[in-house]
Amino acid sequence: MTTQKKIALVTGAGSGIGREIALALLKAGYAVVLAGRRLAPLQQTIEQAGADGKHALAIPADVSDPASVQALFAQTKERFGRLDLLFNNAGIFTPPVSLEELSFEQWQAAVGINLTGAFLCTQEAFRIMKDQQPRGGRIINNGSISAQAPRPFSVSYTATKHAMTGLTKSTSLDGRRYDIACGQIDIGNASTDMTTLMKNGILQADGSVRTEPTMSVAHVANAVLYMDSLPLDANVQFMTVMATKMPFVGRG
């Protein structure tokens, strides 16, 4: 008996956590749509997947643009016919400046990609998942530790990640009638190409600069695979995966 591959879509799949999740899903036997603003990094992710890359499709997309998101999901449906998992991961950091120094344009860019992008992708995923057979699917949002506690000078990132928690809860509630499960993974100090600056130290709440412990990003990939391994009548609503000794509770 042939088992049908599960179809996943990962945003921000050209680097960092998104890349690692896409690679882990491909290795686990999924067919994966890789979305990101630039095609070249997405193709590099596929190259890193080796033979598993034949089950990947790279689609450049701007998640803050409704038309771009609609095209992304239309191509996904056209190629694979369904969608089983959406990993909302695309996000940006704004410059680490004091709240009153952050420009409106910087604030708007963070909201557009980190929050509106996740909403737009969730909307399109709903439209596919509720009508497909078998019905339903799973959405996992990358909330970040910043969905729970801020770092200094991170107002836009922290606000959008706190809002992601509200999006997760509403998605989980509204998805019940369609057998769509939604959960959130809050990740702390996973070691990727995006966290190399941590080696130089990170500003702490007390004004000091300290290096912080990190963990392998493989633990994050394993956590996402576990969350999606559950049947749709079970859900990990929230999970925190972090370097054990990183400053988190109290952020100091």
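Conventions and cut-offs
Residues numbered from 1 in each chain as written. Predicted model: local features only at pLDDT ≥ 70, side-chain atom pairs only at ≥ 80, totals over all residues. Heavy atoms only, no water. Helix = DSSP H or I, 4+ residues; strand = E, 2+ residues; numbered from the N terminus. Rg over C-alpha atoms; globule rule 2.2 N^0.38 Å. Areas by Shrake-Rupley, 256 points an atom, 1.4 Å probe, with all protein chains shown as cover. Lys, Arg positive; Asp, Glu negative; His and termini not counted. Charge placed at Lys NZ, Arg CZ, Asp CG, Glu CD. Buried < 20%, exposed > 50% of the residue type's maximum accessible area, 1.4 Å probe, protein only. Contact = heavy atoms within 4.5 Å. Core = buried A, V, L, I, M, F, W, Y, C linked by side-chain atoms within 4.5 Å. Pairing = 2+ DSSP bridges. Axes fitted to C-alpha atoms, helices over the stretch in contact; angles between N-to-C directions. Parallel < 35°, antiparallel > 145°, perpendicular 65-115°, else oblique. Left-handed = near helix turned anticlockwise from the far one by under 90°. Nonpolar A, V, L, I, M, F, W, Y, C, P; charged D, E, K, R; others polar. Salt bridge = Lys/Arg side-chain N within 4 Å of Asp/Glu carboxyl O.

Colleague: Where do I start with the overall build of the protein chain in this structure?
Modeller: Looking only at helices and strands, the protein chain features six helices and eleven strands. Since a compact globule built from 252 residues should have a radius of gyration of about 18 Å, the 18 Å found for the protein chain is in line with a globular shape. With the principal axes as the frame, the protein chain shows a C-alpha extent of 60 × 35 × 35 Å. Carbon and sulfur atoms make up 54% of the accessible area of the protein chain, which totals about 12000 Å². Of the side-chain charges in the protein chain, 23 are positive and 20 negative, and the distance between the mean point of each set is 5 Å.

Colleague: Could you clarify how one ought to interpret the environment of Ile-139 in this entry?
Modeller: The residue Ile-139 is located in strand S5 (residues 137–142) in this model. Of the residues examined, Ile-139 reaches a relative accessible area of 0% and is grouped as buried. Between the C-alpha atom of Ile-139 and that of Phe-87, which follows or precedes it by 52 residues, the distance is 6.0 Å. Discounting chain neighbours no more than four positions away, the residues touching Ile-139 are Leu-86, Asn-88, Thr-122, Ala-125, Phe-126, Met-129, Thr-171, Ile-180, Ala-181, Cys-182 and Gly-183.

Colleague: Explanation requested: the nonpolar core in the structure shown.
Modeller: Side chains that are nonpolar tend, in soluble globular proteins, to be buried together. Counting 40 residues, the largest nonpolar core has Ile-21, Val-32, Ile-185 and Val-220 as its most contacted members. In terms of residue count, the dominant contributor to this core is helix H1 (residues 16–27) (seven residues). Not counting residues up to four positions away in its chain, the partners in contact with Ile-185 are Phe-87, Ile-140, Asn-141, Asn-142, Gly-143, Ser-144, Val-220, Ala-223, Val-224, Met-227, Met-239 and Val-241. Judged by nonpolar contacts, the second largest core, of 27 residues, contains Leu-9, Leu-86, Ile-113 and Cys-182.

Colleague: How should I be thinking about the sheet that holds strand S6 (residues 180–188) in this particular structure?
Modeller: Strand pairing in a sheet relies on backbone hydrogen bonds, with the paired strands running either antiparallel or parallel. Read from one edge to the other, the open sheet built from seven strands follows the order S3-S2-S1-S4-S5-S6-S11, with strand pairing classed as parallel. Looking at the sheet topology across the chains shown, the edges are occupied by strand S3 (56–60) and strand S11 (238–242). Strand-to-strand, the axes of this sheet are offset by a mean angle of 20°, without reference to chain direction. Here S6 runs beside S11; their pairing, made up of five bridges, is parallel. In the strand pairing of S11, Gln-184 is matched with Phe-238. Those strands touched by helix H5 (residues 155–175) are S5, S6 and S11, and its axis lies near 160° from that of S6. Sheet strands touched by helix H6 (residues 218–229): strand S4 (85–88), S5, S6 and S11. Its angle to S6, the strand with the most contacts, is close to 165°.

Colleague: I would appreciate a short explanation of the packing of helix H4 (residues 104–129) against H5 in the present structure.
Modeller: Pairs of packed helices are described in terms of their axes, by the angle between the two and the distance that separates them. Running from N to C, H4 and H5 point in directions that differ by 15°, and their axes come no closer than 9 Å. Put simply, H4 runs roughly parallel to H5. The chirality of how H4 crosses H5 is right-handed. Within the contact between the two elements, H4 uses Trp-107, Ala-110, Val-111, Asn-114, Leu-115, Ala-118, Phe-119, Thr-122 and Phe-126 and H5 uses Val-155, Ser-156, Tyr-157, Ala-159, Thr-160, Ala-163, Met-164, Leu-167, Thr-171, Asp-174 and Gly-175. When grouped by side-chain class, the residues that make up the contact of H4 with H5 number 13 nonpolar, six polar and one charged.

Colleague: It is not clear to me how the pattern of salt bridges should be interpreted in this structure. Could you clarify?
Modeller: If charged atoms from side chains of opposite charge come close, those side chains can pair. For the coordinates displayed, the defined rule picks out seven salt bridges. One salt bridge in this structure joins Arg-82 and Asp-84, with 3.0 Å as the shortest N-O distance. For Arg-82, a relative accessible area of 10% puts it in the buried group. Note that Asp-179 and Arg-135 form a salt bridge whose closest N and O atoms lie 3.0 Å from each other. Within this pair, whereas Asp-179 is found in the loop between H5 and S6, its partner Arg-135 is found in the loop between H4 and S5, the two being separated by 44 residues in sequence. On the basis of relative accessibility, which here comes to 36%, the residue Asp-179 falls in the partly exposed class. Members of the salt-bridge network, linked through shared partners, are Lys-6, Arg-138 and Asp-228.

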